[in-house]
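Chain residues, written in single-letter form:
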Amino acid sequence: MRCMTPASTGPVSTGPVPIGPDLLACISRRAQTMTASAIREILKITQQPDVISFAGGLPAPELFPLDAVRQAAETALSKYGPAALQYSTTEGHLPLREWIAGRHGIPAANVQIVTGSQQGLDLLGKILIDEGDLVLVEAPTYLGALQSFQPYLPRYAEMPTDEGGIDVDALATLLAGLAAQGEKPKLLYAIPNFQNPTGRTLSLERRRRLVELTAQYGVLVIEDDPYGQLRFSGEALPSLYEIGLELAGDVDRNHVIYSSSFSKTLVPGLRDAWVEAAAPVITKLIQAKQGADLHTPTLNQMMITELLPLLPAQIETVKAAYRERGAHMLSQMDEFFPAGVTYTRPQGGMFLWVTLPEGVDTVALLPRAVENKVAYVPGQPFFALGGGANTMRMSYSSATPEQITQGMRALGATFREALG
Ligand code: PMP
């Protein structure tokens, strides 16, 4: 089919424009690879009022610091006047960039503010991925990253994972095998802390090895870390970015790119997040962001900056709630889930990952769960290359104790039926 068949070859008509089904043929090849998120379609059936859903991944709204946000808007408006509502620099609000840069002891010039880390992923895809480039992703990985990268037409290779996240020995074998075939992956995308969707965390030894291996093979790393601050048990670990910085000895030679966000620590609706990277990456990010949205909303960045003094206490509040909700979900799973069903025990973040015995299909099981008034996200869409039919993601971040108890009981019953 051709894009827009001309209506006639005669003089330009002032009548209705001849729009028809052939407009579909005008959609670019890159946009044709975009699909409605599989999850959105699946989740339509879960949106009945009496169904307890653990499918969404929303931060707890009752914890949003509403009064402080209102106050921050007022302070920003009085402090900056009309400048709070004016166009501003693409790089972002300097006091905010300076604060972010201070966490890793790098110059503010290496920090780019983005409109949600989702935008950061899209822009990184845009500036880094050429059609056909090989991108290494965890199996499973964050679906939103696959959606961001897909229009830039990469090929994916999955890194094997186990209970400790990316299996770095398997990664070493994978990289050596690819090198033997003359293949060099362009980049590796990883979520080392409380991964979405599994809740798993990469150990310090594995982090070091991953950074060393990727440096050795010349593979860029995108470290996506929206949950790192939300550790509610165990010891904080250095980021891949920090390890890369140590290895490179120079902020502009670090092959690790860091992405994080205020969405999970403060509020997601202000869409404030950032990327830290070496100068050549930042320079291109600025140019790409100019084409995308010129800059992240000025007032929002100023509000976030005003909220920074509140951030440590807010993080404690959020962590305490997620610690309690996560522990309660696990205790109810222990009580109600049949033998043969396994699940991760996250040390932070918002998600855990359930694996059923081989042969159970969680997409097929979902309507039955919904009949039992409980919902989850099937795991399969989180795999770049398919698989994972017997897995599911559960979110505990915005559920009450009663919903968790009732939901796990219903899910346990659903599993028992499925397992006979
Ligand atoms: N990365 C990961 C791993 C996420 O889980 C999310 C949010 N679900 C994002 C990025 C995007 O977050 P935001 O755009 O709100 O910063």
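Everything numeric here is computed off the predicted structure, so don't read it as measured data. (Residues numbered from 1 in each chain as written. Predicted model: local features only at pLDDT ≥ 70, side-chain atom pairs only at ≥ 80, totals over all residues.)

### Observations regarding the overall build of the chain
Across its full length, the chain carries 14 helices and 15 strands. At 23 Å, the chain has a C-alpha radius of gyration in line with the 22 Å of a compact globule built from 420 residues. Taking the principal axes of its C-alpha atoms as reference, the chain extends roughly 70 × 60 × 55 Å. Taking all 420 residues of the chain together, the buried fraction comes to 44%. (Helix = DSSP H or I, 4+ residues; strand = E, 2+ residues; numbered from the N terminus. Rg over C-alpha atoms; globule rule 2.2 N^0.38 Å. Buried ≥ 20, exposed ≤ 12 C-beta atoms within 10 Å, placed from the backbone.)

### A few points about the site of the ligand
Taken together, 14 residues form the shell around the ligand, and within it G116, S117, Q118, S261 and S263 come nearest. Each residue belonging to the shell around the ligand can be placed in one class, and the counts come to 5 nonpolar, 8 polar and 1 charged. (Near = placed C-beta within 6 Å. Nonpolar A, V, L, I, M, F, W, Y, C, P; charged D, E, K, R; others polar.)

### Focus: the UniProt feature "domain: Aminotransferase class I/classII large" (unreviewed entry) in the chain
Following the UniProt record, the feature "domain: Aminotransferase class I/classII large" (unreviewed entry) maps to residues 63-411 here. Secondary structure across residues 63-411 divides into 44% helix and 15% strand, with the first and last C-alpha atoms of the span separated by 27 Å. (UniProt positions renumbered as here; feature names shortened; annotations may be inferred.)

### A few points about the domain arrangement of the chain
Examined at the domain level, the chain breaks down into domain 1 (33-64 + 313-419) and domain 2 (68-309). The interface of domain 1 with domain 2 comprises 30 residues on the first partner and 33 residues on the second. Secondary-structure elements contributing two or more residues to the side of domain 1 that touches domain 2 are α12 (311-336) and β12 (351-355). If one sorts the elements of the side of domain 1 that touches domain 2 by residue count, α12 sits on top with 6 residues. Within the side of domain 1 that touches domain 2, the residues separate by chemical class into 17 nonpolar, 10 polar and 3 charged. (Domains from an automatic or database assignment. Contact = placed C-beta atoms within 7 Å.)

### Considering the environment of V341
Among the structural elements, V341 can be located in the loop between α12 and β11 (342-343). Each C-alpha atom, one on V341 and one on A180, is 39 Å from the other, the two residues being 161 residues apart in sequence. Setting aside chain neighbours within four positions, we find V341 in contact with V354, L356 and F415.

### Regarding unusual backbone geometry
In this structure, P140 follows A139 across a cis peptide bond, with omega equal to 10°. Here P140 is to be found in the loop between β3 (134-138) and α6 (143-149). Of note, the amide linkage connecting N196 to P197 takes the cis form, showing an omega dihedral of 20°. Mapped onto the elements of the fold, P197 is located in the loop between β7 (187-190) and α8 (204-217). Although it is not a glycine, L294 adopts a positive phi angle of roughly 65°.

### Things to note about the confidence of the model for the chain
Here the chain shows a mean pLDDT of 94. Residues at 70 or above account for 95%. On the interface metric, ipTM, the complex scores 0.99, and its pTM is 0.95. (pLDDT = per-residue confidence, 0-100.)

### Some remarks on the pairing of β3
Most of β3 sits out of view: 4 of its 5 residues are buried. The sheet contact formed by β3 and strand β4 (residues 155-159) spans 5 bridges and is parallel. The residue of β4 that forms the bridge with V135 is Y156. Following the chain from β3 across α6 to the adjacent parallel β4, one finds a crossover that is right-handed. With 3 bridges connecting them, β3 and β7 associate as parallel partners. Paired with V135 across the strands is L187, a residue of β7. (Pairing = 2+ DSSP bridges. Right-handed = clockwise from strand over helix to strand, strands pointing away.)

### Overview of the sheet that holds β12
Here 4 strands make up an open sheet; going across it, the order is β11-β12-β15-β14 and the pairing antiparallel. Each end of this open sheet is capped by a strand with a single partner; those strands are β11 and β14 (377-378).

### Focus on the sheet that holds strand β2 (residues 111-114)
Read across the open sheet, the 7 strands follow the order β2-β10-β9-β8-β7-β3-β4; overall the sheet is mixed. One side of each edge strand has no neighbouring strand; the edge strands of this open sheet are β2 and β4. Taking the axes of each pair of neighbouring strands and ignoring which way they run, one obtains an average angle of 20° across the sheet. (Axes fitted to C-alpha atoms, helices over the stretch in contact; angles between N-to-C directions.)

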